[in-house]
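Below, each chain spelled out in residue letters.
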Amino acid sequence: MESAIWQIEKLKPWEKNPRGIKVKDFERLKFQIKKLGVYKPFVVTPEGVVLGGNMRLKACQELGI
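All values reported here derive from a predicted model rather than from experimental measurement.

Engineer: Can you explain the overall build of the chain? Please cite residues and give values.
Structural biologist: Along its length, the chain carries 2 helices and 3 strands. For the chain, the succession of helices and strands along the chain, N to C, is β-α-β-β-α. Relative to a compact globule of 65 residues, whose C-alpha radius of gyration would be 11 Å, the chain shows 12 Å and is just as compact. In terms of its C-alpha atoms, the chain occupies a principal-axis envelope of roughly 35 × 25 × 20 Å.

Engineer: Explain the layout of surface pockets to me, using residue names and the numbers behind them.
Structural biologist: There is about 410 Å³ of room inside the largest pocket. As for the largest pocket, its lining consists of 15 residues, and the residues nearest its centre are S3, A4, W6, F42 and V44. Considering only residue class, the lining of the largest pocket consists of 11 nonpolar, 3 polar and 1 charged. Considered as a void within the structure, the second largest pocket measures approximately 230 Å³ in volume. Lining the second largest pocket we find N17, R19, G20, I21, K40, L51, G52, G53, N54, M55 and R56. Within the residue set of the lining of the second largest pocket, elements represented by two or more residues are strand 3 (49-52) and helix 2 (54-63). When residues of the lining of the second largest pocket are assigned to their parent elements, the largest contribution, 3 residues, is made by helix 2. Taken together, the residues that form the lining of the second largest pocket break down as 3 nonpolar, 5 polar and 3 charged.

What counts and what doesn't
- Residues numbered from 1 in each chain as written.
- Predicted model: local features only at pLDDT ≥ 70, side-chain atom pairs only at ≥ 80, totals over all residues.
- Heavy atoms only, no water.
- Helix = DSSP H or I, 4+ residues; strand = E, 2+ residues; numbered from the N terminus.
- Rg over C-alpha atoms; globule rule 2.2 N^0.38 Å.
- 1 Å grid on protein atoms, 1.4 Å probe; cavity = no way out; pocket = protein on both sides within 12 Å on 5 of 7 lines; lining within 4 Å.
- Points joined across faces, edges and corners; volume = space filled by probe spheres on them.
- Nonpolar A, V, L, I, M, F, W, Y, C, P; charged D, E, K, R; others polar.

Structure follows, in structure tokens:
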């Protein structure tokens, strides 16, 4: 399996993502990312669409990461 490194600003959320997140949980996710960083990789298509990690992507974008 081949892996690649993407610049976060070039990643796109998956439009058909079935998951949502409550505001309280999203704020906790942002706090955890600020404290611990992102330690779980995103699952990304060759086109840069995030299939796994859409909430982490949104949190990183809001945090300016």
